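Each chain, letter by letter, is given below.
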Amino acid sequence: MTRPAQDFTDADLVAYLDGQAPEELHKEIDAALADDPSLAERLAGLSLPMDAVRGGWDALLDSAPPAPDLSPVATAPRPRRRLWAGGAFATGIAAGLAVAVFTGLGTAPPPPAPGWKAVVASYQSLYGPNTLTSAPAEAERTAQLAQASAALGLDITDLPQAQGLDFRRAQVLDFRGKTLVQIAYQSDAGAPVALCIIAAAGPAPKEMQAETLEGLAATSWNAGGFAYLLIGGEDPEALAPGTAAFEDWSRGA
């Protein structure tokens, strides 16, 4: 079962960023990143651009005045109070430099890579009413679904015929080394709709989630070790019959 993003502490995430997280924790964070963009935002907030910090220190050293002569002299020892003050001053410089790095002196950390649903939504947003205009012959449909089933490791040849959705094609895609299958449909209203399936990080079912991605209506859920996303059009209600049919099928109903 995928751990909720809020269960990870900052210490867990810092260990993950530093490559010091145990293998099991690393896998759990990878799995949570695929489903929860807020976790990626937390990781970005914990990333420190060290090259920029070092560059900031170098810039300060280049412009610093020459160091004073620190040869021993026959004077009374300075009070410890002044040594503490010097340390506090140095700490203040470090803190100020860190602020400068994050407010313009350095470069911001790169944004986290988008999850699979975001990538699918970007791809689907390119589809228009004329993208999927013709349906293949039954033999071609069967062959496409068989090929997709073999690549995915899940038999989808018996996908139900969802109300209001006409099959157009099934294709095998790749998301960061993982097989992602897209089954494309045309709705009765002419909107391109896609059912996308990818292996999930955990086998435990997940409650259905309705959302809007790239301006498109979408519903997603996990079942049987796979993650599902039905996306297309702007009306969530139009997806309801297809969502019900595909979810029941995925859960073996």
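Some details on the nonpolar core
Move 1: Grouped together as the largest cluster of nonpolar side chains are 25 residues, with contacts concentrated most on I156, I183 and L195.
Move 2: The set of elements that each furnish at least two residues to this core consists of α7 (138-152), β1 (165-175), β2 (178-187), β3 (192-199), β5 (216-223), β6 (226-231) and α8 (236-250).
Move 3: Setting aside its immediate chain neighbours within four residues, I156 contacts L145, A148, S149, V181, I183, I197 and W249.
Move 4: Listed in part, the 15 residues of the second largest apolar core include L213, L216, A218 and I231.

A few points about the environment of A191
Move 1: Along the polypeptide, A191 turns up in the loop between β2 and β3.
Move 2: Taking the C-alpha atoms as reference points, A191 and Y127, separated by 64 residues in sequence, lie 8.6 Å from one another.
Move 3: Ignoring sequence-local partners within four residues, the contact set of A191 consists of Y185, Q186 and G233.

Thoughts on helix α2 (residues 23-35)
Move 1: In this model α2 runs 19 Å from its N-terminal to its C-terminal C-alpha over 13 residues, within 8% of the 18 Å that 1.5 Å per residue would give.
Move 2: Residues of α2 that are buried include every one of L25, I29, A31 and A32, and no others. Each buried residue of α2 lies within a common arc of 160° when the element is viewed along its axis, so the set occupies one face.

Quick notes on the rules
- Residues numbered from 1 in each chain as written.
- Predicted model: local features only at pLDDT ≥ 70, side-chain atom pairs only at ≥ 80, totals over all residues.
- Heavy atoms only, no water.
- Core = buried A, V, L, I, M, F, W, Y, C linked by side-chain atoms within 4.5 Å.
- Buried < 20%, exposed > 50% of the residue type's maximum accessible area, 1.4 Å probe, protein only.
- Helix = DSSP H or I, 4+ residues; strand = E, 2+ residues; numbered from the N terminus.
- Contact = heavy atoms within 4.5 Å.
- Expected span 1.5 Å × (residues − 1).
- Arc of directions from axis to C-beta.

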